[in-house]
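# Chain and residue survey
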Amino acid sequence: MSKLIIPEGYTPVIDYMESQRAIKKIKDFFQQELAYGLSLRRVSAPLFVTPESGLNDNLNGVERTVDFTLMDMDEAEVQVVQSLAKWKRMALGKYNIAPGHGIYTDMNAIRRDEELDNLHSIYVDQWDWEKVITKDQRTEQYLEETVVIIYNALKNLGDYVNRLYRGLQTELPNEITFVTTQELEDRWPDKTPKERENLIAEEHRAVFIKKIGGALKSGEKHDGRAPDYDDWELNGDIILWDEVLNMAFEISSMGIRVDEEAMERQLKLANAEDRKKLAFHKAILNKEIPYSIGGGIGQSRLCMYFLRKAHIGEVQVSVWPEDMIEKCKENNIFLL
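Description of the structure in this document. The structure displayed is predicted, hence computed values, not measured ones. (Residues numbered from 1 in each chain as written. Predicted model: local features only at pLDDT ≥ 70, side-chain atom pairs only at ≥ 80, totals over all residues. Heavy atoms only, no water.)

### Brief notes about the pattern of salt bridges
Using the criterion set out here, one finds 31 salt bridges in the structure. Asp125 is the salt-bridge partner of Lys27, the closest N and O atoms lying 3.9 Å from each other. Taken together, the residues Lys27 in helix α1 (residues 16-38) and Asp125 in strand β6 (residues 123-132) connect sequence positions 98 residues apart. Asp125 gets classed as buried once you look at its relative accessible area, which sits at 7%. When the shortest N-O distance is used, the salt bridge between Lys210 and Glu140 registers 2.7 Å. Residue Lys210 is found in strand β8 (residues 206-210), and its partner Glu140 is found in helix α3 (residues 140-164); the two are separated by 70 residues along the sequence. Overall, Lys210 belongs to the buried group, its relative accessible area being 8%. Residue classification places Glu140 among the partly exposed residues on the basis of a relative accessible area of 29%. (Salt bridge = Lys/Arg side-chain N within 4 Å of Asp/Glu carboxyl O. Helix = DSSP H or I, 4+ residues; strand = E, 2+ residues; numbered from the N terminus. Buried < 20%, exposed > 50% of the residue type's maximum accessible area, 1.4 Å probe, protein only.)

Below, the structure written as structure tokens:
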């Protein structure tokens, strides 16, 4: 509850049922824009994977997975996915996707250790996408070009929602600003990473913060990233400025994925070299699956942002503490 933000004088612009209609319109429109812009095809995705596959996302390495056993498989253990960052790359090889093309899917996850607030739920829904690239496309330039494509899709979505609902007018800048985590630390050395994100997002309204996962000059990390999917030198977050909550609003985490060299380097830095025995990691190290770029784009977050909602629980059904539900209700924030 301590992290709950209550915007002063908040009133939803559209009601329960109209919000439900708007959510479908937003999802239908954006996934078409995304698929067209990045040359993606939709595929089906798993809800759970086996631990020994190495396909589950370890996130920051401390979050507990949701596990259960299967009666008809001698009580074999499986885990509910936390994201599909690794599974998608394996799928590119399975579907024999050519460079320049890729896949996207609806990812549904449970993150039991999430700290619940306006933006965070234990239920995660996002579009997970992954695209095959060549070795020589593993550059910052290619990363930024891809970010611009996604940002243009976001701008097109904003224009679409603005036309549908005159009371929901969201204006994004014409261009997204690129900045590295080290540049943020150099500019605001006395601020925390989250405070730096707020400052840069308020200044530019739309930013892509690059190079997340490795240590900065101070020895601290801007944020944690698993060592075995993003290349920490070629990744980042798309962050918008949210005028309802007056804060930085992360809409997507993405990046060029590790090649064999980056995998070796980052596993060593993370003291996670034991993962090299897992099937996914072996495939990367042995160059058996494609080089790729990919990411996740929050579905509920996208709806929350463009529908100008104050809480993610206004656009998705989840579980919340009773005191949060009551506090929200007292302030015209009605959780589904």
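### What about a nonpolar patch on the surface?
On the surface, Tyr16, Met17, Val317, Phe334 and Leu336 cluster together into a nonpolar patch covering about 490 Å² of accessible area. For Phe334, the position within the fold is in the segment after α9 (322-330). (Patch = residues over 30% accessible without salt bridge, like charges linked within 9 Å, V, L, I, M, F, W, Y side chains within 5 Å. Areas by Shrake-Rupley, 256 points an atom, 1.4 Å probe, with all protein chains shown as cover.)

### Quick look at the pairing of β6
Of all 10 residues making up β6, nine are buried, and the element is well covered by its neighbours. Strand direction decides the pairing type here: strand β5 (residues 102-110) and β6, joined by nine bridges, are antiparallel. Residue pairing for β6: Tyr104 is matched across the bridge by Trp129. Two elements, β6 and strand β11 (residues 292-298), share seven bridges in a ladder whose sense is antiparallel. Across the sheet, the residue bridging to Gln126 is Gly298, located in β11. (Pairing = 2+ DSSP bridges.)

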